[in-house]
Structure formats: structure tokens, C-alpha cells
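# Observations on the model geometry
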Amino acid sequence: GRPDLIPFHLFFKDKQIPLPKLLAYNINALFIHNNKVQHIPDPASFMDFLDLLLKEAAGPVFIKQSTGSHGGKGIFRINPEDPGVNKQLMTEIHQNLIRSSFIFETNLHQHPVLDAINPSCINTIRTDTFIDKDLRIENMAAYIRFGRGNIHVDNISSGGCAVDLDLTKGTLQKYGNTSLTVSGGETYTSHPLTGVAFEGTAIPYVQETKSLVKRAAGFLPSLRLVGWDVAVTAGGPVLIEGNHDYDITGLD
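Residues numbered from 1 in each chain as written. Predicted model: local features only at pLDDT ≥ 70, side-chain atom pairs only at ≥ 80, totals over all residues. Heavy atoms only, no water.

### Things to note about the overall build of the protein
In terms of regular secondary structure, the protein is built from 7 helices and 13 strands. In the protein, buried positions account for 50% of the 252 residues. Sequence-distant contacts, at least 24 apart, represent 61% of the contacts inside the protein between residues at least 6 apart. Of the roughly 12100 Å² of accessible surface on the protein, a fraction of 53% belongs to carbon and sulfur atoms. (Helix = DSSP H or I, 4+ residues; strand = E, 2+ residues; numbered from the N terminus. Buried < 20%, exposed > 50% of the residue type's maximum accessible area, 1.4 Å probe, protein only. Contact = heavy atoms within 4.5 Å. Areas by Shrake-Rupley, 256 points an atom, 1.4 Å probe, with all protein chains shown as cover.)

Dropping the structure here:
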């Protein structure tokens, strides 16, 4: 599972690790924005608050559950031009938010190479680090998760497929696989939406991604195994989150 994303974000921001921009976060009905705490107990006040964040973001806002979720669950994407941003939807989201804690982030713009393969969502690299008894940090394996269909998450448990990433060459391997239990274990050699072949496709900033997660792991030496999620933008890799229970068998 993922960490608590609120302290995760604040911790790594202090270390100057590239992260998505954090607009705000909440703990139940208390919402923290621009270092101010607001009590937002009702959907109408929440709509006003979200409207402020949408203007600040100048684009979509991602709302992600800070703790206790996995597999792309507990994530909402709100677009300023979306006709679905209505009172009923805001009421449902607000009811979810005030029962837990969430973070509000700006949308990332992934690198054109990844956008050409699948433009429906941010397609992230999952890679793990291992810290040995001599405190040497090793980057062990990686794959890229590609969403399928018109969904805003790439998680395998939400129907996405995983394509092995060669960490030495920086290229995709031949096959992409979906979850056996969720999607029937389908195998692809190209993305079903765009038809782009996987094998040999060069992924930008792979070496920079390896350096980024090793640097992040070095700040947490007591966590000897971590599965990191990294987005690749035109400006380089951006750390999304780290997971302690990250399905090591998937990377194997």
C-alpha cells in the first residue's frame, strides 16, 4: 500500500524531490490551503473551495485519498470544463472526503512519447529499490503501466497493462500483460487504443528516473524495499508516491 501522502509530500518537498504541485489537503472536514485551515462541512462550501483550486491550477485537479487506498481507487479527476461538475457529484465527493483525508494536486503533462502510446491518463513507471546491509541502494526492476480505454488511472487492478522496461537500455520489452484476475490475463504487443508497438520503444529519462528513486530511497534508509511510482514529463521524472506493499511478484 501507499504511504500517507500528506507527510510523504511535505517530507520530499523539503528534500527538493520533484513532485506534483500540492494545492491543498484535508483531514475530514478541515481543509488546508495556502497555510490556512478552513472548516468545510457542506457541499456548497466545498464547491466554492474546489472552484478556487481549479482557477489556481488552470486545469484539471486530481483528488487522491491520502491513506488506505490502492489500485487507483479513491482518485477523482475534476476538469474545469467538465459538465459533470455539478451539485450531485460534488455532494458525493464531499461525503467521501470528510470521512478520510485527501490531497489535491495539479495535473501533470506526460512526455509526448508516453502520450503517443496512451493519452487517456498519466502512464507511470513502477520501479523498486533495495537497500542492502552495507546501505548500498540498488534499482532492481521496472515496468510501465499503461491505462486501457478512457480511464484516468493506469493501475493494473483497474484494467491497465504492464510492459517491462529495460533499465539498462531504457526501452520497452515486447509484451504488455493485464491482470489475470481483473482483466483475464490478456497479452499485447502494442497498445490496444493507439496501436503503438511496445518492443524497442525508447522511454525518456530512464537513467534520471533511476537516480531519482535512489535519491529518494536514501532519505529513508530504514525502508529497505520500496516500490516507487514515477511520472515522466517533458522536463524529467516526477515522483508520485512510494509503496511498502508494492506487489514485488509483479516486478519479478
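### Some words on the sheet that holds strand E6 (residues 101-106)
Taken in spatial order, the 6 strands of this open sheet run E3-E2-E1-E6-E4-E5, and their pairing is antiparallel. The open sheet has two edge strands, strand E3 (36-39) and strand E5 (75-78), and neither has a second partner. Here the strands of the sheet are splayed against their neighbours by 20° on average, with no regard to which way each runs. Strands strand E1 (22-27), strand E2 (30-33), E3, strand E4 (61-65), E5 and E6 of the sheet are contacted by helix H2 (residues 43-57), whose axis makes an angle of about 20° with E2. (Pairing = 2+ DSSP bridges. Axes fitted to C-alpha atoms, helices over the stretch in contact; angles between N-to-C directions.)

### Topic: the sheet that holds strand E12 (residues 225-233)
Spatial ordering of the open sheet is given by E11-E10-E9-E8-E7-E12-E13, a layout of 7 strands whose pairing is antiparallel. Strands at the two margins of the open sheet, each flanked by one partner only, are strand E11 (187-188) and strand E13 (236-243). The sheet strands contacting helix H1 (residues 5-14) are E12 and E13, and the helix crosses E13 at an angle near 140°.

### A short note on the pairing of strand E7 (residues 125-131)
In terms of residue burial, E7 counts as a mostly covered element, since 6 of its 7 residues are buried. Sheet analysis places E7 next to strand E8 (residues 137-146), joined by 6 bridges and oriented antiparallel. By the bridge assignment for E8, Thr-127 is matched with Ala-142. The antiparallel pairing of E7 with E8 creates a hairpin that spans 5 residues between the two strands, and Leu-135 there sits at a positive phi of about 65°. Looking at chain direction, E7 and E12 are connected through 6 bridges and run antiparallel.

### Some points on H1
Inspection of H1 places Leu-5, Ile-6, Phe-8, His-9 and Phe-12 among the buried residues, and these make up the whole buried set. With its buried residues spanning 165° around the axis, H1 presents them on a single face. On its buried side, H1 packs onto E1, E4, E6, helix H6 (206-218), E12 and E13. Where H1 begins, the side chain of Asp-4 points an oxygen toward the backbone nitrogen of Ile-6, at a separation of 3.1 Å. (Arc of directions from axis to C-beta. Polar contact = N/O pair within 3.5 Å; in protein donor to acceptor, adjacent residues only side chain to side chain.)

### Things to note about the packing of H2 against helix H3 (residues 87-97)
At a minimum axis distance of 9 Å, the contact between H2 and H3 shows a crossing angle of 95°. Here H3 runs roughly perpendicular to H2, going by the angle between their axes. When H2 is examined against H3, the residues Pro-43, Phe-46, Met-47 and Leu-50 are found in contact with a partner set consisting of Lys-87, Met-90, Thr-91, Ile-93, His-94 and Leu-97. Taken together, the residues that form the contact of H2 with H3 break down as 7 nonpolar, 2 polar and 1 charged. (Parallel < 35°, antiparallel > 145°, perpendicular 65-115°, else oblique. Nonpolar A, V, L, I, M, F, W, Y, C, P; charged D, E, K, R; others polar.)

### Quick look at the packing of aromatic side chains
All told, the structure shown has 9 aromatic pairs when counted by the stated rule. Between Phe-49 and Phe-104, the aromatic rings sit 5.8 Å apart at their centres with planes inclined by 85°, giving edge-to-face as the arrangement. Of this pair, Phe-49 sits in helix H2 while Phe-104 is found in strand E6, placing the two residues 55 residues apart along the sequence. Residues Phe-49 and Phe-104 agree in their burial class; the two are buried. Ring geometry for Phe-146 versus Phe-198: centroids 5.8 Å apart, planes at 20°, classification stacked. Placement of Phe-146 in strand E8 and of Phe-198 in the loop between E11 and H6 is noted, with a sequence separation of 52 residues between them. Summarising the burial analysis for this pair, Phe-146 and Phe-198 share the class buried. (Phe/Tyr/Trp six-rings, centres within 6.5 Å; stacked < 30°, edge-to-face > 60°.)

### Here we look at H2
Here H2 spans 20 Å end to end across 15 residues, near enough to the 21 Å set by a 1.5 Å rise per residue. Among all positions in H2, only Phe-46, Phe-49, Leu-50, Leu-53, Leu-54 and Ala-57 are buried. Taken down its axis, H2 places every buried residue within 140° of arc, on the same side. Away from its buried face by more than 90 degrees, H2 exposes Ala-44, Asp-48 and Lys-55. N-cap assignment for H2: the residue whose side-chain oxygen lies 3.3 Å from the backbone N of Ala-44 is Asp-42. Count one or two residues on from H2 and you reach Ala-58, which has phi positive near 55°. (Expected span 1.5 Å × (residues − 1).)

Note that every value here comes from positions in space, so none of it alone points to a role or purpose.
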